[in-house]
Amino acid sequence: MQQFKSLILRDRNLHLSILHYEPIHFDVFRILAEANGLKTIKLKTLLRGFLDREAIHYYGAEPQGSRIRKN
C-alpha cells in the first residue's frame, strides 16, 4: 500500500483534505486506486484497512458483514 500512499501525497488537494481531517467519500480512494492499476478482488478491504491504519476519515463504504442480529 506504499504505492497508494504515494498517490495520495501527489494529489495536493486530497492530501490537504486528509491533513485537515475532512471526511472523504470512500469512492474517491477506490477510483484513485483503480485508475492507477491497483485492481484486486479485495481492493475495498485493503483500502479500508489502509485508511483505518493511517487514521484517514472516510465515509460511504459499505459495511462488512450483516447488520442483522442473529438469535
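Above this note sits the structure.
Residues numbered from 1 in each chain as written. Predicted model: local features only at pLDDT ≥ 70, side-chain atom pairs only at ≥ 80, totals over all residues. Heavy atoms only, no water.

### Thoughts on the nonpolar core
And step 1. Residues F4, I8, L14, I18, F29 and I56 are the most contacted members of the largest nonpolar core, which totals 15 residues.
And step 2. For this core, the elements supplying multiple residues, two or more each, are α1 (2-10), α2 (12-19), α3 (26-35) and α4 (43-53).
And step 3. Excluding its chain neighbours within four sequence positions, the residues that come into contact with F4 are F29, L32, A33, L38, L47 and F50. (Core = buried A, V, L, I, M, F, W, Y, C linked by side-chain atoms within 4.5 Å. Buried < 20%, exposed > 50% of the residue type's maximum accessible area, 1.4 Å probe, protein only. Helix = DSSP H or I, 4+ residues; strand = E, 2+ residues; numbered from the N terminus. Contact = heavy atoms within 4.5 Å.)

### Section: unusual backbone geometry
And step 1. With phi around 55°, Y21 is a residue other than glycine that occupies positive phi space.
And step 2. Locating Y21 in the fold gives a position in the loop between α2 and β1 (24-25).
And step 3. Positioned with a positive phi, A55 is a non-glycine residue whose angle comes to about 60°.
And step 4. For A55, a relative accessible area of 48% translates into the label partly exposed.

### Regarding α2
And step 1. Taken together, the buried positions of α2 are occupied by L14, S17 and I18. The buried side chains of α2 occupy one side of the element, clustering within an arc of 100° when seen end-on. Exposed residues pointing more than 90 degrees away from the buried face of α2 are listed as R12, N13 and L19.
And step 2. One or two positions beyond α2, positive phi appears at Y21, with a value near 55°. (Arc of directions from axis to C-beta.)

### Quick notes on the environment of L38
And step 1. If you trace the backbone, L38 turns up in the loop between α3 and α4.
And step 2. Those residues in contact with L38 that sit more than four places away from it in its chain are Q3, F4, L7, A33 and L43.

### Thoughts on the packing of aromatic side chains
And step 1. Summed over the entire model, instances satisfying the criterion amount to 3 aromatic pairs.
And step 2. An aromatic cluster is present here, built from F4, F29 and F50 joined pairwise through their rings. (Phe/Tyr/Trp six-rings, centres within 6.5 Å; stacked < 30°, edge-to-face > 60°.)

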